Amino acid sequence: MLRGFCIAAFLLIAMSAAPAANGLNVKIGYLGRADKTETISLIEMPAANDGAAGAELAIDDNDTTGKFLNQSFSLQELLLKDQDDPAAAVQKLAGNGISLIVTDLPAAMLLKAADAGRQHGVFFFNAGATDDRLRQEDCRANVIHTAPSRAMLADGLAQYLVWKHWTHWLLVVGSHAPDKLFADALRRSAKRFGAQIVQEREFKDTGGARRTDSGLVQIQSQIPLFTQSAPDYDVLVAADESQVFADYMPYRTSQPRPVAGSAGLEPTTWDPAFDQWGAIQLQSRFEKKFSRWMTALDMQAWMAVRMVGEAVSHVNSDDAKAVLKYMEGPDFALAAFKGRKLTVRDWDLQLRQPILLADGRTVVSVSPQQGFLHQYSELDTLGIDRPETKCKLK
Amino acid sequence: MWLRFILGIALALLLGGQASAYRAYVANERSNTVSLIDTDSWKVVKTIEVGQRPRGIAYTKDQKYVLVACGDDDTIQMIDTSTNTVSGTLPSGPDPEFFTASPDGKFLYVANENDNTVTIIDIARRAQNGAVQVGVEPEGMAMSPDGKILINTSETTNMAHFIDPAKREVVASVLVDQRPRFAAFTPDGSELWVSSEVGGTVSVIDPVKRVVKQKIEFAIAGMRPDPIQPVGINITSDGKLAFIALGPANHVAVVDVKTHKVIKYLLVGERVWHMAFTPDGKYLLTANGVSNDVSVIDVAALKVVNTVQVGELPWGIAMSDH
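So, how was this worked out
The residue numbering used here restarts from 1 in each chain and proceeds along that chain's sequence as written. All chains are assigned letters beginning with A, and all ligands numbers beginning with 1, in the order in which they are written. It should be noted that, the model being predicted, local features are given only for residues of pLDDT at least 70 and side-chain atom pairs only at 80 or more, the latter also being counted only at that level, while totals for whole chains, interfaces and linings use all residues. Neither water nor hydrogens contribute to the side-chain values; these are computed over all heavy atoms in the structure. Our working definition of a disulfide is a cysteine sulfur pair at a distance within 2.5 Å. Under the scheme used here, helices are H or I runs from DSSP no shorter than 4 residues and strands are E runs no shorter than 2 residues, and both carry numbers assigned from the N terminus. Buried means the residue's accessible area, taken with a 1.4 Å probe over protein chains only, is under 20% of the maximum for its type, while exposed means over 50%, and partly exposed covers the values in between. Pairing of aromatic rings covers Phe, Tyr and Trp, the last through its six-membered ring, and needs centres within 6.5 Å; plane angles under 30 degrees mean stacked, over 60 mean edge-to-face, and all others mean tilted. Between the N-to-C directions of two axes lies an angle of 0 to 180 degrees, each axis being a line fitted to C-alpha atoms and, for a helix, fitted only over the stretch in contact. Working rule for angles: under 35 degrees goes down as roughly parallel, over 145 as roughly antiparallel, 65 to 115 as roughly perpendicular, anything else as oblique. Here is the rule for handedness: rotate from the far helix to the near one, and if that takes an anticlockwise turn smaller than a right angle the crossing is left-handed, while a clockwise turn gives right-handed. Contacts are residue-level and defined by heavy atoms, with any inter-residue pair within 4.5 Å sufficient. Each residue is assigned to one of three groups, with Ala, Val, Leu, Ile, Met, Phe, Trp, Tyr, Cys and Pro labelled nonpolar, Asp, Glu, Lys and Arg labelled charged, and all others, Gly among them, labelled polar.

Q: With reference to specific residues and values, describe the state of the cysteines.
A: Two cysteines joined by a covalent bond between their sulfur atoms form a disulfide. All names here are of chain A. The full count for this structure, using the stated rule, is one disulfide over all chains. With its sulfur 2.1 Å from that of its partner, cysteine 139 forms a disulfide with cysteine 391. Between cysteine 139 and cysteine 391, the S-S torsion sits near 90°, and that sign places the bridge as right-handed. Taken together, the residues cysteine 139 in the loop between strand S4 (123-126) and strand S5 (143-145) and cysteine 391 in the segment after strand S14 (363-367) connect sequence positions 252 residues apart. Classification of cysteine 139 by relative accessible area gives buried; the value is 4%.

Here it is in structure tokens:
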């Protein structure tokens, strides 16, 4: 109806205290999703501020640093529904003097936002979309990715499975588009690292409610049936970003086999159980402020806002071009509790980062795994490497 | 000729016999113990049960106590060095990791990692005496030789904060590379060295101008830069050599303090963290977290001469004066 009113959930929050007098106030925008995916597990249902909370904590961290440099940071959040126009939202934020925007938007919406932002000189941090096309043929010179790509997640998982010699996979793929994209990434990883997909099965989403009173009884008999008479395999790898079936696989397969991928052992950038390399400090800061656990999306948004803070503390400017130039330069590095510095790949603007493998209770391992070597950085064994890139930044 | 030879041997024996046994207290972060090493026999002579997650460890000036920061217990425990048992605690504030004392030994300055705070403790009264707000995740602590400036490094803010201990406020902050872990003054106080674990560098700061005048970088043949993560810094009392623990690179870099050039890399145990000299300056002990041992470096020869098994995840070392 009215394009202008399409931004439905309209949350405009200035997060920081009044900017220091004569100091630099850096305004950062956040474009998130108003609609969150429903998960199979009740305890994994995303909070309304999933992602945004990470950005808010990073604003606090930036401000603590900024008070010694006469810099302050603020965040303006807008939550968009699927039918909302991202271009209008970008225009709105740009109108408020914002040229740095963190996004948790689906790929198509992010591209619309990025293209709309170009005329306003806006720079984006993709904290939410894992689509490889955003780092490949649809890459943009004004979008840095703190979210890992599906290829990075799949490579992180595959390296560990191969290290374990669990090289025979039964791949179960959901019937929705994102599931198929994750399956593509898993197939690529299997080929890269020498695993074999012994068979693929599709798990069709036949609809219906997730929460029913006697659902358990049905699932307990459905899943063994679905997984029976497969060729011998070591591990069931599930591609189910749509949250239709993967969490029903562990302990219910016909043969006793571990599950990985979208359930069981999952590749991720963050896990509430992660406590290495000082991570416990970030976890406790987060929990103290928001009374909940920190998710991967929170972490990806935290990293984006911290990247801005890190760059601004060195260039002492909120000019998007100056900030970007520093981030892409040789002096930039982000410390993000991963035991090594994180830097930006210059061929597709993806943040290099280790991938955690978490089972829901502990972090089992961190990839890259030992023995997966690279001429430049072991982190580049995860995801699309320079020689394979289809990205032409413009 | 013969006489000289015999005299030489006698002298060597005499000197060898004189090597007074110092005591090194090693905080084992994971096993919640402190290993007591005798530096004559290079053996662990006692294992002391302490609180949870012991990390920062140091003697009090009067040598009566070894203080150990037990992060998960939010306290600093006092090990009585005459009995080698925990005999008291200091109210350190939440999650103490590292601390340093005032030159007169009266006050303790504690980095509270979880609280963006440096807590000041009156040791005699065993009471908190104030606090200074600093950057995110304070860690490294160092006092200038003249006692006029206290340094704190904050890991996520990436700064060395200059604190006036009299006014108890931050008077200057200097940006360094990512995740600054440790700060040390040269003995003459003319330079402040700050290690950046994730940044992979040591910043040499002019403490008067309060600017970074040089960054020391490290390169070990056949090793990628990622695991080269400088942490502990120990400078010889004559101010000539600096030893820098390179964390998961499993090496200690030896740096010429005057030229800031690395002159040697010594292979030690895995994930080398903090270190301590014996009081005679002959040996440097390194806490190697992943291999659960302590390497002994002969400072004159620049060689690793011994390895001592300790508890799990050794983090830091306190050395007796005598």
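Q: Explain the packing of aromatic side chains to me, and be specific about the residues and the numbers.
A: Residue and element names in this part refer to chain A. Applying the stated criterion across every chain yields a total of 15 aromatic pairs over all chains. Ring centres of phenylalanine 286 and phenylalanine 290 lie 4.8 Å apart, and the angle between their planes is 45°; this geometry places the pair in the tilted category. You can see phenylalanine 286 and its partner phenylalanine 290 sitting in helix H7 (residues 279-290), four residues apart, about one turn around the helix. Residue class for phenylalanine 286 comes out buried when judged on its relative accessible area of 0%. With a centroid separation of 5.7 Å and an interplanar angle of 50°, the aromatic rings of tryptophan 302 and phenylalanine 337 are classed as tilted. Of this pair, tryptophan 302 sits in helix H8 (residues 296-315) while phenylalanine 337 is found in the loop between strand S11 (334-335) and strand S12 (341-342), placing the two residues 35 residues apart along the sequence.

Q: Hey, could you go over the packing of helix H1 (residues 52-66) of chain A against H8(A) for me, with residue numbers and the actual values?
A: All names here are of chain A. Across the interface, H1 lies against H8 with an axial gap of 7 Å and an inter-helix angle of 30°. On the basis of their axis angle, the class for H1 and H8 is roughly parallel. Crossing of H1 over H8 shows right-handed handedness. Contacts between H1 and H8 involve Ala52, Ala53, Gly54, Ala55, Leu57, Ala58, Ile59, Asp61 and Asn62 on the former and, on the latter, Asp298, Ala301, Trp302, Val305, Arg306 and Gly309. Classifying every residue of the contact of H1 with H8 gives nine nonpolar, three polar and three charged.

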